[in-house]
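# Observations on chain architecture
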Amino acid sequence: MVDILIIGGGFAGVWSAAAAARVRAETGSDLSITLIAPGKDLVIRPRLYEADPDRMRVPLDRFLTPIGVRHVPATVSSIDAGNRTVTAIDRGGRPLDFRYRRLVLATGSRLRPAGIPGAEHLHDVDTIERAVALDRHLRGLPEGPGRRTAVVVGAGFTGLEVATELAGRLAALADPADPADRPRVVLVERAGEIGPDLGPGPRPAIAAALDRLGIEVRLGQSIASVAPGAVSFTDGTELAADTVIWTAGVQASPLTAQIPGRRDALGRLQVDGHLHVPEAPGVLAAGDTAAATAEPGHLVLQCCQHAIPLGKYAGHNAAAGLLGLPLATFDPAPYATCVDLGGAGAVLTSGWERTVLSTGDAAKQRKIATNQERIYPPLDDAAEILRAADYRVGIRPPAARI
Ligand SMILES: Cc1cc2nc3c(=O)[nH]c(=O)nc-3n(C[C@H](O)[C@H](O)[C@H](O)COP(=O)(O)OP(=O)(O)OC[C@H]3O[C@@H](n4cnc5c(N)ncnc54)[C@H](O)[C@@H]3O)c2cc1C
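What counts, and at which threshold
- The written sequence of each chain sets the order in which its residues are numbered from 1.
- Side-chain atom pairs in this predicted model are given and counted only at pLDDT of 80 or more, local residue features only at pLDDT of at least 70, and totals for whole chains, interfaces and linings cover all residues.
- Hydrogens and water molecules were not included; the side-chain quantities draw on all heavy atoms of the structure.
- When a residue's accessible area, from a 1.4 Å probe over protein chains only, is under 20% of the maximum for its type it is buried; when over 50% it is exposed; and in between it is partly exposed.
- Helix and strand assignments follow DSSP, with helices taken as H or I runs no shorter than four residues and strands as E runs no shorter than two, numbered in order from the N terminus.
- Note on pairing: two strands pair once DSSP finds at least 2 bridges between them.
- UniProt positions are given in the numbering used here, feature names are shortened, and annotations may be inferred rather than shown by experiment.
- Only the contacting stretch of a helix is used when fitting its axis, a line to C-alpha atoms as for every element, and angles between N-to-C directions run 0 to 180 degrees.
- Expected helix span is given by 1.5 Å per residue-to-residue step, counting one fewer step than there are residues.
- Annotation comment: domain bounds sourced from an automatic or database domain assignment.
- Pairs of residues are marked as contacts when any of their non-hydrogen atoms sit within 4.5 Å.
- Accessible surface is computed with a 1.4 Å probe, and the buried area is the amount of it that two parts give up when combined, taken over both parts together.
- Any Lys or Arg side-chain nitrogen located within 4 Å of an Asp or Glu carboxyl oxygen qualifies as a salt bridge.

## Brief notes about the pairing of strand 24 (residues 346–350)
Along strand 24, four of the five residues are buried, which leaves the element largely enclosed by surrounding structure. Two strands pair when backbone bridges link them, and strand 23 (residues 336–340) and strand 24 are joined in this way by five bridges, in the antiparallel orientation. Counted as the bridge partner of Val339 is Val347 from strand 24. Relative to strand 25 (residues 355–359), strand 24 runs antiparallel, the two being bridged by four bridges.

The structure is reproduced here in structure tokens:
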């Protein structure tokens, strides 16, 4: 029997583990905490649109071992919330069974399949394996008409970051003396405007950045099919393009479907203010699997900014609940967002209306600090990890570096 079983080694999972370990340390209790995740690393998913994505990893053992959390490298295949049991498959294909007192589901989200003919030729940056495959593809493109043409599908947060960064990545690989090698990035959006979920605030800054980078925008359409070296659009036109990247829409981990409860349109489990799934006693959800209220009238978004505090509150409440301590009501820091715009800087906004605070280089410095420093967890130092795991502590100050 495990006291606290956490499924998932992403941002929500690791911070759940640390927050539970923090309560354990503070109370001198002997709660057992186990985290199941297939890989050896925490993947820094927000950086997967960058070049060399294979470096976007942090070893789990340097975070979990110092704080006494056991990592089981396995993939969970089934959850029986009624009997409080979980079955996982280890790397050797052997089944492993667990019984738990509290379960934290933190298995993240996945890109929705494109469901179009030739979808197997699409690229994406949803997982580190897929991002590495794209990076290799870009570096090994053969001569041909679509060699430096890339089509990015979806002009939401991820699509904008992929497209603007790709302009620079393709330029770095191209021969500047050869006009035929000139990069071309086409951004396709089904809605009638770029960044449909970002609202009107940052749109002028984003449009100016796309213009500056020479990115072609096709609004009100999508792609109809893909073949090696070619893509066709829903308006019937075709383009020679060796690289087509799908970014359109994510869905909560399929394990959410195994937990009794209500789900939102993204498949996320509706949780109460303490991040419990009311219909599944003993189960909490955190990160991209949880539809928690961030502020009255606003659910959390599937982003690190929410996954990290969701993890901390869930881990805290899992441990506090077992020890009969008061539970903490989820109360994240005010919402802000920063969209990377590649060589054209970034745009930083505040609040749910996304009021623009800064653009260009100033916003880019903030994005770099967040992506390269603030979202990285402390490593090796148990006291520092447990201190940072307090749900009242925000993400790390910019000066903290691994
Ligand atoms: C390209 C890209 C750019 C992004 N940019 C930003 C950004 O700028 N800002 C921002 O805030 N957010 C950004 N995000 C979103 C952010 O990365 C996610 O919201 C965040 O990673 C969610 O954390 P999580 O812990 O819920 O899930 P994840 O980080 O996805 O972790 C899920 C974990 O669960 C494990 N897992 C899954 N299934 C199983 C299973 N069956 N058994 C065991 N383990 C399992 C996985 O291996 C992984 O360890 C971006 C995402 C992408 C892909």
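There is more to say, and it comes next.
## Comments concerning the UniProt feature "domain: FAD/NAD(P)-binding" (unreviewed entry) in the protein chain
This chain's UniProt record puts "domain: FAD/NAD(P)-binding" (unreviewed entry) on residues 3–298. With 20% helix and 30% strand, the stretch residues 3–298 has end C-alpha atoms that lie 32 Å from each other.

## Section: the sheet that holds strand 13 (residues 223–227)
Sheet architecture is open: three strands sit in the order 13-14-15, paired in antiparallel fashion. Single-partner strands in this sheet number two, and they are strand 13 and strand 15 (238–240). Neighbouring strand axes in the sheet, compared pairwise and without regard to direction, differ in orientation by 15 degrees on average. Note that strand 13 and strand 14 (residues 230–233) share four bridges and pair antiparallel.

## Here's the deal with the side chain of His123
By secondary structure assignment, the location of His123 is in the loop between strand 9 (109–111) and helix 3 (128–139). Residue His123 is classed as buried on the basis of its relative accessible area, which comes to 13%.

## Describing helix 7 (residues 360–374)
Between its first and last C-alpha, helix 7 extends 20 Å over 15 residues, near the 21 Å set by a 1.5 Å rise per residue. Looking at helix 7, one finds that the buried residues are Ala363, Lys364, Lys367, Ala369, Thr370, Asn371, Glu373 and Arg374.

## What to know about the domain arrangement of the protein chain
Looking at the assigned domains, one finds that the protein chain contains domain 1 (2–110 + 250–333) and domain 2 (113–246). A separation of 33 Å is found between the C-alpha centroids of domain 1 and domain 2. Between domain 1 and domain 2, the residue contacts involve 15 residues of the former and twelve residues of the latter. Across the interface of domain 1 and domain 2, roughly 1,100 Å² is buried in total on both sides, 59% from carbon and sulfur atoms. Of all residues in domain 1, Leu48, Tyr49 and Pro53 bury the most surface against domain 2, accounting for 52% of the area lost on that side. Taken together, the connections running from domain 1 to domain 2 amount to three salt bridges. With a shortest N-O distance of 3.9 Å, Arg110 and Asp126 are connected by a salt bridge.

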